[in-house]
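# Fold and contact review
Residues per chain, in single letters:
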Amino acid sequence: MNIFSGNSLWQLVCQADSISKIVLLILFLMSVLCWTVFIGKLALLCIKERQFKKINKKVEMAKNITDLIEITTREQVSTPHYFIFKNILFLKEIMHGNLNQQITDNEWELLERNIENSVETILLHNEEYLTLLSSSAAVAPLLGLFGTVWGLVHSFMRISETQVADITTIAPGIAEALITTLAGLIIAIPALIMFNYLHTKTRSLEHSLILLADRVIFIMHQLRER
C-alpha cells in the first residue's frame, strides 16, 4: 500500500502547520525577489556592455581632448558617456574653462582623484543588489532547515499525542517537514548561479571601464606636456 497515495506536493504544503507555511511564504518571496533582480540586472548589464564596447572603440580613435568632447556631444546619454562628460566637466572647472593652458601638478592630482571616484561610483552601481542574491543563496537553505526542524518537532509532538508510531503515521509528517528544505534548496541553488553569473558580468564591465579610464587619462595627460 502506498502511504502517499492521493497526496500531492501542494496537499503536503496545505497540511503543514502555520510556522512551516510562513517559512515557505518567505522562501517564495525570496525566490520572486531573486528572479526580479537577476532579470533586471542582466538586462541592464547587457545594455552597458554594448555601450562600453561602442564608446571604447571611439575613444581609442580619439587623439586629444577635443575629440573626447566631440564624443560626448554625439553619443546618447549612457554610463560611459556620463563618465567621460563628468571628468571633462571637472577638468573645465579646475582650469576655469580654458583647456588650452597647461595643467599644474595640483590640478592633475585633483583630476586623477576625480576619475578614480567616478570609477568607484560606477562599479558600486553595477554591483547593486548582488548582495541580495548571495544572501539569499546563504539564507534560503538555513530557513529551509529551520522549517524542517520545526516540522519534525511538530510531527513528533503529534505522535506523542496519538501514541501511534507506525510508518503510516510518521511518514506524512516527515514529508511535510522536508518540504521546507526542498524549497530552500530550490531557491538557493539558482540564486548562487545568478550571483556568480552577474558577478562575472560586472567584472567584465569593470575591465571595460578601466580601459576607458586609462585612455581618458592618457588623452588628458597631454595637457601636462604642453
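### Here's the deal with the overall build of the protein chain
In terms of helices and strands, the protein chain carries 7 helices and 0 strands. For the protein chain, restricting intrachain contacts to residue pairs at least 6 apart in sequence, the fraction spanning at least 24 positions comes to 80%. When the accessible surface of the protein chain is totalled, it reaches about 13200 Å², and 65% of it is carbon and sulfur.

### Thoughts on the packing of helix α4 (residues 79-94) against helix α5 (residues 105-126)
Taken N-terminus to C-terminus, the directions of α4 and α5 make an angle of 155°; their axes are 10 Å apart at the nearest point. In terms of orientation, α4 lies roughly antiparallel with respect to α5. The element α4 and its partner α5 pack so that their crossing is right-handed. Of the residues in α5, those touching α4 at Thr79, Phe83, Lys86, Asn87, Phe90, Leu91 and Ile94 are Glu107, Leu110, Leu111, Asn114, Ile115, Ser118, Val119 and Ile122. Tallied by class, the residues present in the contact of α4 with α5 amount to 9 nonpolar, 4 polar and 2 charged.

### Here's the deal with unusual backbone geometry
Unusually for a residue other than glycine, Tyr129 sits at a positive phi of about 70°. Exposure remark for Tyr129: the relative accessible area of 52% places this residue in the exposed category.

### Thoughts on α5
Relative to the 32 Å expected for 22 residues at 1.5 Å per residue, α5 spans 32 Å between its end C-alpha atoms, a close match to the ideal helical length. Taken residue by residue, α5 has Glu107, Trp108, Leu111, Asn114, Ile115, Ser118, Val119, Ile122, Leu123 and Asn126 as its buried positions.

### Some words on α4
The end-to-end C-alpha distance of α4, which contains 16 residues, comes to 23 Å, matching closely the 22 Å that a straight helix rising 1.5 Å per residue would cover. Every buried residue of α4 is listed here: Thr79, Pro80, His81, Phe83, Ile84, Asn87, Ile88, Phe90, Leu91 and Ile94. Directly after α4, the chain includes His96, whose backbone phi takes a positive value near 55°.

### A few points about the nonpolar core
Grouped together as the largest cluster of nonpolar side chains are 40 residues, with contacts concentrated most on Leu68, Phe83, Ile84, Leu91, Leu111 and Met220. Listed by contribution, the elements that provide at least two residues to this core are α2 (18-61), α3 (65-74), α4, α5, α6 (130-162) and α7 (167-220). In terms of residues, this core owes the most to one element, α7, which gives 10 residues. For Met220, the residues in contact, after removing those within four places along its chain, are Ile65, Asn87, Ile88, Leu91, Trp108, Leu111 and Ile115. Residues Val23, Leu27, Leu143 and Ile179 belong to the second largest nonpolar core, which totals 10 residues.

Reading the values: the criteria
- Residues numbered from 1 in each chain as written.
- Predicted model: local features only at pLDDT ≥ 70, side-chain atom pairs only at ≥ 80, totals over all residues.
- Heavy atoms only, no water.
- Helix = DSSP H or I, 4+ residues; strand = E, 2+ residues; numbered from the N terminus.
- Contact = heavy atoms within 4.5 Å.
- Areas by Shrake-Rupley, 256 points an atom, 1.4 Å probe, with all protein chains shown as cover.
- Axes fitted to C-alpha atoms, helices over the stretch in contact; angles between N-to-C directions.
- Parallel < 35°, antiparallel > 145°, perpendicular 65-115°, else oblique.
- Left-handed = near helix turned anticlockwise from the far one by under 90°.
- Nonpolar A, V, L, I, M, F, W, Y, C, P; charged D, E, K, R; others polar.
- Buried < 20%, exposed > 50% of the residue type's maximum accessible area, 1.4 Å probe, protein only.
- Expected span 1.5 Å × (residues − 1).
- Core = buried A, V, L, I, M, F, W, Y, C linked by side-chain atoms within 4.5 Å.

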